[in-house]
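# Coordinate inspection notes
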Amino acid sequence: MSQNAEKGPLGTGPSQENRAVGAEAIVPQLIARPVPVQTSGRTEFAARCPKCRDWHRHIGLGEKDAPCGAHYVLQFANKGAA
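As the structure is a computational prediction, the values presented were derived from the model and not from experiment. (Residues numbered from 1 in each chain as written. Predicted model: local features only at pLDDT ≥ 70, side-chain atom pairs only at ≥ 80, totals over all residues. Heavy atoms only, no water.)

### Topic: the environment of Val37
Within the secondary structure, Val37 is located in strand β2 (residues 35–38). Expressed as a C-alpha distance, the spacing of Val37 and Ile59, which sit 22 residues apart in the sequence, is 9.6 Å. Those residues in contact with Val37 that lie beyond four places of it in its chain are Arg42, Thr43, Glu44, Ala46 and Arg57. (Helix = DSSP H or I, 4+ residues; strand = E, 2+ residues; numbered from the N terminus. Contact = heavy atoms within 4.5 Å.)

This is the structure in structure tokens:
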């Protein structure tokens, strides 16, 4: 038997702790900036996906699930923000 197999379990470090995710957990949100696209029937919003870097089109603003599986917020930039 090797020396590694004879050792006990490793100590618990920050990467090995099990943490419960509660409502107070802060989850960083990806933000995509839309470009309005006027179609023949409605205004849509195109945005470059922060995950796959492809363009996705949506019919409204807010939280979106992209076809590539990304979840992001589609919103315009705040005026005065750097």
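Following the structure, the description resumes.
### So, the environment of Thr39
Assignment of secondary structure puts Thr39 in the loop between β2 and β3 (43–48). Thr39 has contacts with Glu44 and Arg57, leaving out every residue within four places of it along the chain. Within polar-contact distance, the side chain of Thr39 engages the backbone oxygen of Arg42 at 2.6 Å. (Polar contact = N/O pair within 3.5 Å; in protein donor to acceptor, adjacent residues only side chain to side chain.)

### Thoughts on the pairing of strand β5 (residues 62–65)
Both faces of the sheet carry side chains from a regular strand, because those side chains alternate between them. When β5 meets strand β6 (residues 71–74), the two strands line up antiparallel, connected through four bridges. Looking at the pairing, Glu63 lines up with Val73 of β6. Where β5 folds back onto β6 in an antiparallel hairpin, the turn is made up of five residues, including Gly69, whose phi is positive at roughly 100 degrees. (Pairing = 2+ DSSP bridges.)

### Topic: the pairing of β3
Where β2 lies against β3, four bridges are found, and the strand directions are antiparallel. Residue pairing across strands places Pro36 opposite Phe45, the latter belonging to β3. When β3 meets strand β4 (residues 55–58), the two strands line up antiparallel, connected through four bridges. Across the sheet, the residue bridging to Arg48 is Trp55, located in β4. Taking the residues that link successive antiparallel strands as the turn, the β3-β4 hairpin has six residues, and the phi of Arg53 there is positive, at about 65 degrees.

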